Amino acid sequence: PFQFLLIDTRESRMTPRERVHAAFRHEEPDRTPIFERLIKPPTDRVILGRPAVHADDWPTYMRTWARDGWQATMEQQALDEFEIVQRLGFDMVSLGTNPPASAPQPIELDEWNFRQGDDVLRYHPESGVVENLTSRTRSNDEWERNFRDSIEREYEAPVVEDDQLYIWRRIQQLIDEAQ
């Protein structure tokens, strides 16, 4: 059996937020803040005792999105991330953006292949690589032209839509409710 040593933050002098802020201000917190940049499969399954919805488990993530829709998938990912943070007694969580709600809902073609919009995507389980089979039809000259165009054009900051922060905001809400 797998066991964790959990830190009881109720006995600490600082809240997780105070601890992290103190560390960033180069002040001495009551203890070193604890977090992990990324917990992905299969570790997340071991911690939760069940499969987790996580973009790094691409086939499961796409299958969940295809079957349950965007809202349910993002909600489950937020709940799973929060439960991992709680179980491990972390002081903070590292999050990025999630796909926008406007992204086409995937269609499961088979265990490793999905259609999303105009693209057919294949997961290669032996390497973990996701290949876009649709763009595979481009010639080497087209690939090179697209690559050169991408590195030669002026940098444009990415636009992050409000719904791409769904998981971040939902976890913040769960943290606030737990305190």
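The model shown is predicted, which means the values in this text are computed figures rather than measured ones.

Caption draft 1: Region of the structure containing the environment of Glu36. Here Glu36 shows up in the loop between helix H1 (16–24) and helix H2 (43–48). Sequence separation between Glu36 and Leu109 is 73 residues, and the spatial gap between their C-alpha atoms is 34 Å. In contact with Glu36, not counting residues within four places along its chain, are Phe90 and Ser94.

Caption draft 2: How the structure looks around helix H6 (residues 166–178). Relative to the 18 Å expected for 13 residues at 1.5 Å per residue, H6 spans 18 Å between its end C-alpha atoms, a close match to the ideal helical length. For H6, the full list of buried residues reads Tyr166, Ile167, Arg170, Ile171 and Leu174. Along the axis of H6, the buried residues cluster in a sector spanning 120 degrees; they form a single face. Where H6 is buried, its residues contact helix H4 (70–88).

Caption draft 3: Focus on H1. Arg19, Val20 and Ala22 are the residues of H1 that are buried. Looking straight down H1, one finds its buried side chains confined to an arc of 160 degrees; they lie on one side.

Caption draft 4: Representation of the packing of helix H3 (residues 58–68) against H4 in the model. Across the interface, H3 lies against H4 with an axial gap of 7 Å and an inter-helix angle of 135 degrees. Between H3 and H4, the angle falls in the class oblique. Across from Tyr61, Thr64, Trp65 and Asp68 in H3, the residues of H4 making contact are Trp70, Ala72, Thr73, Met74 and Gln77. The class makeup of the residues in the contact of H3 with H4 is 5 nonpolar, 3 polar and 1 charged.

Conventions used here
- Residues numbered from 1 in each chain as written.
- Predicted model: local features only at pLDDT ≥ 70, side-chain atom pairs only at ≥ 80, totals over all residues.
- Heavy atoms only, no water.
- Helix = DSSP H or I, 4+ residues; strand = E, 2+ residues; numbered from the N terminus.
- Contact = heavy atoms within 4.5 Å.
- Expected span 1.5 Å × (residues − 1).
- Buried < 20%, exposed > 50% of the residue type's maximum accessible area, 1.4 Å probe, protein only.
- Arc of directions from axis to C-beta.
- Axes fitted to C-alpha atoms, helices over the stretch in contact; angles between N-to-C directions.
- Parallel < 35°, antiparallel > 145°, perpendicular 65-115°, else oblique.
- Nonpolar A, V, L, I, M, F, W, Y, C, P; charged D, E, K, R; others polar.

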